[in-house]
Every structure is written in C-alpha cells, then in structure tokens.
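Residues per chain, in single letters:
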Amino acid sequence: ANPFFPGLRGDRFDTMETKVLQCLKDKALQESKHGGDAASSSLNPSSAVSMVLEGGNLPFCLPVDIMNEVYSTPPPYTHIQSLKYDDDKNLRPKKIPAATKDDREKCSCTGKTCAEDCFNRVIMAECIGPVNCNIGTKDCGNRALGKKQFVKCQPRRERGKGWGLVTLEFIPKGKLVQEYVGEVIDEKEKEKRLQDWNREHPNDPNFYVMALSNGYYVDAREYANLSRFINHSCDPNCRVASVNVKGYIRNGIYAIRDIQAGEYLNYDYHFDTKHGDRFVCRCGSPNCRGTMKGAGKDDPMKKPANWKEAKARYDADKKFLLDTKGEEVVSLVDTLLPCAEHPNETVASGPLEKHRQEAISNRIFLWRNVRMGADFVSRYSRLENKASLSQNTSQQEKSSSP
C-alpha cells in the first residue's frame, strides 16, 4: 500500500520492471491454459501480477527524495546571535589595539555618513564612535556588523544543493547580509573535529568551518545562525570579508552586486584542501570550477593584523598615488603571456627556457638578448638614447663633408 497517498495507483514502469511484469504475465497465462488452479499456482492471486492480469494498475510509493522535499525540515542546530567563545579553555583571539585620540590617521569624513574612501573602510575596520570616527556617535553607515543590521532571510530547499538561504528583501551592492557565527576554536580543535567527522561520516563532506584570524576558526555545525545555510557558487553574489569590530575580527558576508528578493545567497567557499575532488561544485555557472576548492593564490579575505600594519599599508598606497599623480601607470606584472599554459607565465617573468628552441628556430628574437624579468622601461630608454646618438653622429658627418 502507498503510505503517502492511500489508494493511489500508477502505471509507469521502467524498462526492467516492464520486462519482469511481462514475463510473469506470460507465465500466469500459460498456467491458466493448462488448468492450473490458484492453489497450485506459484503466483499469489493478490500479488501485483494478478492486478495486471485483471487490467488494473500497480500500487506505488513516491521516491524518498520527493518525501524529503515535502516533509523535511532544516537540519537542527542551536541558534546564536554572536560568536561563541570557550572562555574556560581561554580560546579567544588577542584583542587588536584600538585607535586612540592621539592617532593622526583616522576617519575624517564629514556629513551624515562615511564615504567609500573612509580611512576605517580602507583598513577593514568599523567606526565605533568619536575615538576613531569624525562623525561621532551617530550611525555613519560603517557600523552595520557591530549593530547586527542583517537582511531578512529564510532557509529553503535549493535544487541539487540541499538547503539554501533566500533573501526576503532587495539587497543593494555593498550591503551587509549576514555574519558568519559559530563556536570559536583553535587549530588543534579544528583538526580533531574534522578527523572525527571524517571517521564517523565518511560519505558526508559537509563542513561548516571558516577561518577567523591568527590560528582561530569558526565552526557553525552545532551553534550558528542563518548564514550556515548559504551555499557555494563559483559565480557568487556575496563575498566574505574579515572586519575589525572593537578590536576583534569578525567575518561579515557582503553583497557584491544588487540581489533581488527571492534570490538564493551564495559565496565562493575557497576551501583550503588537497582533496578538491571530494567537494564537487553544482552551482551550474558558466565559469564553474567543478570543485569548491580555492582557485589558487588569490586570498578572498583581507585580515589586517593590527593598526600599525594597516596604517603602514595605507601610507604606502597614499605615497604611491601622490608619486604617480598625473601619470598613466600600466602594470604588466600580472598580465599573462599570449597562449600561456600556466598562470605563472606572466609578462614580468620574461620568456621561459622551454620556448628557447622555438624562438631560435623561428627567428623570433635573439636569445642572447633575453633577460629574465628585464626592466623593459630602461631598455626602451637606452634604445631611444642609442637612436638619438646615432642620428646626431650622422648629422655631424653630413655637416663635416665637403
């Protein structure tokens, strides 16, 4: 009997089921022709075959995945509002020295909100009041994480990905969506939990661990908020950024484009693992990598260690902009060579040894003139000086001739 829809019958069978039923049907017809009665028949009159012979249909049960879609609920967890520290084990990252009133470099924004080039935004820190914000105690727009100004979301089943998270409102680009919270653990505890999970659940590669700062991690398996439902995508609409809030690093999830109400939220997991084949990606985007493993050297999370380091980077960037003001600067450091087979083959690296024979045989250039990582600007300058010197010499020769 069908436990979900009692009395409902179906007449759709796959190829193998059709062949089996046909074989049983033929056998039952042969036995009936030879005068076999129900008692001697190997077929039970109440069986599925008798229903087929009588012109009826077979009872059936819905597949278990249909049942899951209808009756399943999100996996259980304990909902928390902020990071959960284990103070008994002293598992708490060291507090980053906060700004003081004597600091010269701090937010100097005016008006009602902090601008995009606000000093605190540049160093990935939130404004916390007069101590580091020129606007003062008013909400300047750079305090969303500290004030927990999150977007309204709801868990829903996402096709092929289990549970996902849908936004219930429009999210403009750059807005804070959620904070990734859970238990704060150290490196040793993280390795222990991952090993225990692999041993006890070898066929379940779902992990909820995210790096926090300086050897600390956030585990959102048992204690978490709605952010644990956000799935991976190689073409995401959100990103994760580490932000300094009152001296402690917290992971905020921000929109990188406008997101319409009803869209599923996602970000690139960038898993740090050697077993990328275990974490199969099913995002379906055109640039899908096929795995949730990180793409390479790019680090999606900016983590300023302290104010001095952040200030040094800010000063260096400021000096560079002042030095190059009014000049058009073109960087070829990360530009790939034409037909490059490897991401390390960049313009700045110069020709590689493997292309030597091809360059010589095809008379592309003289290999003896190659300098690995050569200063092309200086070489061009020397070439211009040489041409100018040659031109001056030629003119002198013409003027001295009778």
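Everything here concerns the structure above.
The structure presented is a predicted model; accordingly, all values stated were derived computationally and were not measured. (Residues numbered from 1 in each chain as written. Predicted model: local features only at pLDDT ≥ 70, side-chain atom pairs only at ≥ 80, totals over all residues. Heavy atoms only, no water.)

1. A short note on helix α5 (residues 187–200)
So, point 1. The end-to-end C-alpha distance of α5, which contains 14 residues, comes to 20 Å, matching closely the 20 Å that a straight helix rising 1.5 Å per residue would cover.
So, point 2. The complete set of buried residues in α5 reads Glu189, Lys190 and Trp197. The arc that holds the buried residues of α5, viewed along the axis, is 105 degrees, so those residues lie on one side. Exposed positions of α5 whose direction lies more than 90 degrees from the buried face are Lys188, Gln195 and Arg199. (Helix = DSSP H or I, 4+ residues; strand = E, 2+ residues; numbered from the N terminus. Expected span 1.5 Å × (residues − 1). Buried < 20%, exposed > 50% of the residue type's maximum accessible area, 1.4 Å probe, protein only. Arc of directions from axis to C-beta.)

2. Quick notes on a positive patch on the surface
So, point 1. On the surface, a cluster of positive charge is contributed by Lys95, Lys147, Lys148 and Lys246.
So, point 2. Counting through the fold element by element, Lys246 comes out in the loop between β12 (238–245) and β13 (248–255).
So, point 3. Overall, the relative accessible area of 56% leaves Lys246 in the exposed class. (Patch = residues over 30% accessible without salt bridge, like charges linked within 9 Å, V, L, I, M, F, W, Y side chains within 5 Å. Areas by Shrake-Rupley, 256 points an atom, 1.4 Å probe, with all protein chains shown as cover. Salt bridge = Lys/Arg side-chain N within 4 Å of Asp/Glu carboxyl O. Lys, Arg positive; Asp, Glu negative; His and termini not counted. Charge placed at Lys NZ, Arg CZ, Asp CG, Glu CD.)

3. A short note on the sheet that holds β12
Each strand in a sheet pairs with its neighbour through backbone hydrogen bonds, running either in the same direction (parallel) or in the opposite one (antiparallel).
So, point 1. Across the sheet, which stays open at both edges, the three strands sit in the order β6-β13-β12 with antiparallel pairing between neighbours. The sheet is open, and its two edges are formed by β6 (176–179) and β12, each paired on a single side. Averaged over all pairs of adjacent strands, the angle between strand axes in this sheet comes to 35 degrees, irrespective of strand direction.
So, point 2. Of the pairings in the sheet, the one linking β12 to β13 comprises eight bridges and is antiparallel in character. Paired with Ala241 across the strands is Gly252, a residue of β13. (Pairing = 2+ DSSP bridges. Axes fitted to C-alpha atoms, helices over the stretch in contact; angles between N-to-C directions.)

4. Quick look at the environment of Ala125
So, point 1. Structurally, Ala125 is set in the loop between α4 (119–122) and β4 (153–158).
So, point 2. Classification of Ala125 as buried rests on a relative accessible area of 4%.
So, point 3. When neighbours within four sequence positions are excluded, Ala125 is seen to be in contact with Asn120, Asn142, Val243 and Asn244. (Contact = heavy atoms within 4.5 Å.)

5. Quick notes on the sheet that holds strand β8 (residues 209–213)
So, point 1. Strand order in the open sheet formed by three strands is β7-β9-β8, with antiparallel pairing between adjacent strands. Strand pairing shows two members of the sheet lacking a second neighbour, β7 (183–186) and β8, which therefore form its edges. Taking each pair of neighbouring strands and ignoring which way they run, the sheet shows an average axis angle of 35 degrees.
So, point 2. Relative to strand β9 (residues 216–219), β7 is paired through four bridges, and the arrangement is antiparallel.

6. Re the pattern of salt bridges
So, point 1. With the rule as written, the count across this model stands at eleven salt bridges.
So, point 2. Notably, a salt bridge pairs Lys190 with Glu187, separated by 3.2 Å at the nearest N-O pair. In this pair, Lys190 and Glu187 both sit in helix α5, three residues apart, roughly one turn of the helix.
So, point 3. Note that Lys190 is salt-bridged to Glu191, the shortest N-O span being 3.2 Å.

7. A closer look at the packing of aromatic side chains
So, point 1. The full count for this structure, using the stated rule, is three aromatic pairs.
So, point 2. Between Tyr77 and Phe229 the ring centres are 5.8 Å apart and the planes differ by 70 degrees, which places this aromatic pair in the edge-to-face class. In this pair, Tyr77 sits in the loop between α3 (64–71) and β3 (78–79) while Phe229 sits in the loop between β10 (223–224) and β11 (231–232), placing the two residues 152 residues apart along the sequence.
So, point 3. According to the relative accessible area criterion, Tyr77 is partly exposed, its value standing at 23%.
So, point 4. Site record: aromatic cluster; members linked through ring pairs are Tyr267, Tyr269 and Phe271.
So, point 5. In this structure, Arg92 packs its charged tip against the face of Tyr85, placed 4.0 Å from the ring centre.
So, point 6. Between Arg228 and the ring centre of Tyr208, over which it is positioned, the NZ or CZ distance is 4.4 Å. (Phe/Tyr/Trp six-rings, centres within 6.5 Å; stacked < 30°, edge-to-face > 60°. Lys NZ or Arg CZ within 6 Å of the ring centre and 35° of its normal.)

Purely geometric stuff here, so don't read any function into it on its own.
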